[in-house]
Each structure stands twice: as structure tokens, then as C-alpha cells.
Amino acid sequence: MIKLVVFDLDNVIIDGEAIDEIGKLANVEEDIAAITEKAMQGEIDFETSIKDRVQLLEGTSIEDIEKVAEDLPLMPGACKTIKCLKDKDVDVAIISGSFDVVADKIKDKLGVETVYTNSFTVEDGKLTGEVTGPLVSGSKLDVLKDHVEEAGITLDEVVAVGDGANDISMIESAGCGIAFNAKDSVKEIADVVVEEKDLCKVLCEILNQLTTEEETEAVDDEETEDAVEAEEAEATEEAGAAESEDKKENKKELPKSDFVLADTMEGVRKQKDEKEAEISKVADEREEFNKIAKEQRKIRDELNASLKENLNKAIEFRNERNEINKQVEAAKKARNEANNKIKNLEWSSGKRDKIKIENEIKKIDKIIETRVLDIKKENQLVKNANDLRKQLMEIHEDESVKTEAQELKKLSEEEHEKVITLSEKAQEAHEEMLTYFRKTDDIRTAADEAHKKFIEARKNASAKHEEFKAILSDIHVINKKLGSNKPKKRKSDNKGGAGANKNREEKERAEEIFAKFKQGGKVSTEEILLLQKYNIG
């Protein structure tokens, strides 16, 4: 049973990201938005992202932030959704990594009493660039666990609604997790995905679950779930001795029959035979639908369990890939730093000047060798080449610098090799992740199909039960007709006492069967005949 619905704040209760809007006050909205997106995608942890973003807001006026908070728009359907849930006696809470200065405004607008957020640190009316609160280093699941423990409920009785990576822990652990206009990583682990920016769509999903729970209880009373049937039948029999017959009659009545009897007693008896055959057929059909429902429910539950395992595997490989990519970036950084140092050393050591002069000498020598020149021009080129050779002799490359450059080159090559090796490993992990995500898609499709078949079979079983009751009502009409025309039997002088006791026991048994039936218990064909024998019902 759903007892609590927990919402994220940004992009769920409000239509936007509060910190991005606040960032406009300090002209850092693009920097903040970039960090926000990385956090939402799960590329950086939330603690790092929130601290980095708040640091960018240092010096911003808290008064200006309050004005921004007041103008933040609610998500379409927010008011209706919160009001409807409260009318249904479902508690509502907000758990967000956003800030109390924003949440307090929303809290008042929607009448939400329970809100968990972080807080800006303020001095002299300005942000210090620091942030505190339970959701800086702690997860939303940690906060949710503390809340449900204090409320005396379980996580299975919670619906969690969110859109970003920091919502995954509570969405995955709640009885029902809803991804609302969410990132792919959130959709993959959610029980329900809502793509429209309208919280009424989320409300519909929750109300459907509440309705399904109520219908399940009603259907259980109508004996579509065999296990529950047996428990309720047993409970009915135990309670029967303590309840008055009037109370039991009021609990469940057969439908009114408009059955038209035949004109002759022979015709009525024929009608009875036909109805008995019909009710037996309907009972068998109902049991077949119950059997299908049980089978499909089992298949669905097994698939859902497999789905969770595959998702966990996919997430493991995704985390492995992300960790390896961090190492790749570190190796690239080290390689590039080494290359830059090599360039600087070559410049300062004169190596570049030496190479340049050597190239100039080669160029002059080639001209002298390949072209026909007048003696004056050739002499000038020879003189230029000799001057360059003198300059070359005066350049002495620093041996210590040369050694350092060689070491840096070796380091650069090693880091580059790491980049290649780690990139291959990251790609392998990525491929594994995709494989498991594809499996989850196939499993989810199969589970959805099994659930549809389960619902369809359950509805069919319920319809057959209604048909069963209608036929039984007709049979009661027939039995009353036949009973009123039965000839009186002579009293038997032979073993009359024993026969009377047997009949009395059978009649009492028939009355118990009818009481069980009125409570939704399953009635066999043999028991129906016993009811007919004593014209009960």
C-alpha cells in the first residue's frame, strides 16, 4: 500500500533548475549549467558538483536569490498532484540537493510539510561560496531511510519521483520508482517512465497503483487468486459461527435473476439440466483463467527479478567504464604536460636554432649544386653558408637539458601507451554495458507482455465469476419451482432415524457451502449439486 510519495525538487516540482537560475545573478549560468549537466548524467559525483557550483556563487546577494526563488515556475500539474495525494491520505515529502531558500517558497505554495534540502552559508547578506546540509555528502536514500523509519513505514510503501543521477538511489530502493523527464541512467532503473512535463501523468500512475491495490483486494474476494481464496474461505468459516445470518447475508448477495421458467415441469427439469451443464462449463473456464493468471504472474515476477540483475550488471560495467575513463584522462594530461615541457626545453637549449641553421645550410648547398650561377652570386652563397657554419659551431646544446628532454620523452611515450591500453579497456566495459542494457530492454518487453496477459486473465476470471453467479441465481429459481412441486414422501419405517441424521448433516454442510460462496469462496460442481438438493440459495 502506498503511504508516502517523495519528489525531487528541480525539474520535477519546479519547472527548471534553481541553481542555474541563481547563476544568472552572478553571470556564471553557463559554467553552472555545464556542471549541473555532468552531475545529472552521473559523470561527476553530486558532492563535487554542488560544492563547485556554489563556489561560483560567492558574493551573490541572498536577497536577490529570494526574489529569484519566488518567481520559479511550478511544474504543470504540481498543485493538483500534491492536493490529490493529500486527499487520498498519502503523505508527501520533497528530498532535494537544492536549497532551503528555494524549497521554503515551494513548500508554502503547495502545502508540503516535509522538505529535506541543503543550505547556503551566508555572511553579511552575501553567499560565502560554501554549502551545508544532509544532501551534500549524504545520499537521498540515506535521508529517505531515516524518514521512513521515523514514520514507521517501509521503503516498499514509498513512491520516489526524480530525474537525475542523484535520484537513482531512492528510485531504485523505493517500492515504486518513477523517472520523470529523466536522464537515460535513471530511466533504466525506474519502474515507471513519464516523458511528458506534466505531474498529472505521475499522479495517474500513482492512482492506478492505488486503484489496482483496491481492485486486487476486491478480486481476491471474488476468488481470482487461489491462494487468497483459500485463506478467505477458511477465515469465513471460522467467523461464521460468531456472525449472525443477517450480517452474512448483507456481505454478498447473488444478482437478481430474470430467468423465465418453462410452462411444464418437464421443461423446467430440462432447463435445470442445461443450467447445470452451463455452470459447470463456466466454472472450468474460470479456473482456467485463474491458472493462466497465476502462470503469467510467476513469469512476470521472474522476469522482473532477472531485469534487476541485468540492470545491476549494466550499471557495474558503466561505473567501471567511467572509472577507466578517469584514468585515461589522467594519462592524457600527464602525456600532454610532458610534451609541453619537452617543447620548452628544446626552445631554451638552442636545439631549435641549431636545426634551423642546419636547414639553411642544406638549402644553400643544394642551390650551389643544382643551379648555374655567376661567380659573384656563387661566392656570396658560399660566404653565407660559411657564416652559418660558424654560428652553428658556436651553439652548444646543454647536455643536462638534453638528458631531461629524453626522460620526458620516455615518460610521454609511457603515458601514451597507458592511454591506448586503458581506452581499449574502457571500450570493452562500454560494450558489456550496452549488451546488458539491450538484455534489459528485451526482458522488460517480455515482462510487460506477461503482465498484460496476467491482467487480461484476471479480468476474464472475474467476468466468468460474475457469469457463474448469474447462472447460479437462475438455478435457484429453477430449484424453488421444482421444490414447490415435489410430492410428499412417506415416512420410512425402516432406519428412519439414520436417514434423518444423514440428511441433517448434508443440509448443514450445504448451508456452510453457501455461506462460503457468499464470501467469495470457490464452489465445486459437487457442492453446487448439494445446494440444489436442499434448495439452498
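Here the structure is a predicted model, which means the values were calculated and not measured.

This paragraph deals with the overall build of the protein chain. Assigned secondary structure in the protein chain consists of 18 helices and seven strands. Counting every position in the protein chain, which comprises 537 residues, the buried fraction comes to 39%. Accessible surface, the protein chain as shown: approximately 30900 Å² in total, 47% of it carbon and sulfur.

Pairing in this open sheet of seven strands is mixed, and the strands run β4-β3-β2-β1-β5-β6-β7 from one edge to the other. Edge positions in the sheet fall to β4 (126-132) and β7 (192-194), since each has one partner strand and no second. Adjacent strand axes in the sheet meet at a mean angle of 25° when their direction is disregarded. The strands that helix α5 (residues 78-87) touches are β1 (4-7) and β2 (91-99); relative to β1, the one it contacts most, it runs at about 160°. Sitting on the sheet, helix α6 (residues 100-110) is in contact with β2 and β3 (114-123), with an inclination near 140° to β3.

A word on unusual backbone geometry. Not every positive phi belongs to a glycine, and Asn 11 is a case in point at roughly 65°. As for its placement among the helices and strands, Asn 11 is situated in the loop between β1 and α1 (18-23). Take Asn 11: its relative accessible area is 22%, and that puts it in the partly exposed class. At Asp 124, a position not held by glycine, the phi torsion is positive, near 55°. Given the relative accessible area of 79%, Asp 124 is considered exposed.

Another aspect to go through is the side chain of Asp 474. Mapped onto the elements of the fold, Asp 474 is located in helix α16 (residues 399-484). When neighbours within four sequence positions are excluded, Asp 474 is seen to be in contact with Ser 257, Phe 259 and Lys 275.

On to the environment of Ala 283, then. Residue position: Ala 283 is located in helix α13 (residues 265-349). As for Ala 283 and Phe 468, which are separated by 185 residues in sequence, their C-alpha atoms are 6.7 Å apart.

Rules of the game
By convention here, each chain's residues receive numbers from 1 onward along its written sequence. Selection of residues for local features in this predicted model requires a pLDDT of at least 70, selection of side-chain atom pairs for listing and counting requires 80 or more, and totals for whole chains, interfaces and linings are taken over all residues. Only heavy atoms go into the side-chain values, all of them from the structure, while hydrogens and water stay out. The helix and strand labels rest on DSSP assignments: H or I over at least four residues marks a helix, E over at least two residues marks a strand, and numbering proceeds from the N terminus. Any residue under 20% of the maximum accessible area for its type is buried, any over 50% is exposed, and the rest in between are partly exposed; the area is computed with a 1.4 Å probe on protein chains only. Using a 1.4 Å probe, accessible areas were evaluated by the Shrake-Rupley method; residue-level cover was limited to the displayed protein chains. Strands are treated as partners if at least two bridges between them are detected by DSSP. Axes here refer to lines fitted to C-alpha atoms; in helices the fit is confined to the stretch in contact. Angles between the N-to-C directions go from 0 to 180 degrees. Contacts are assigned to residue pairs that have any heavy atoms within 4.5 Å of one another.

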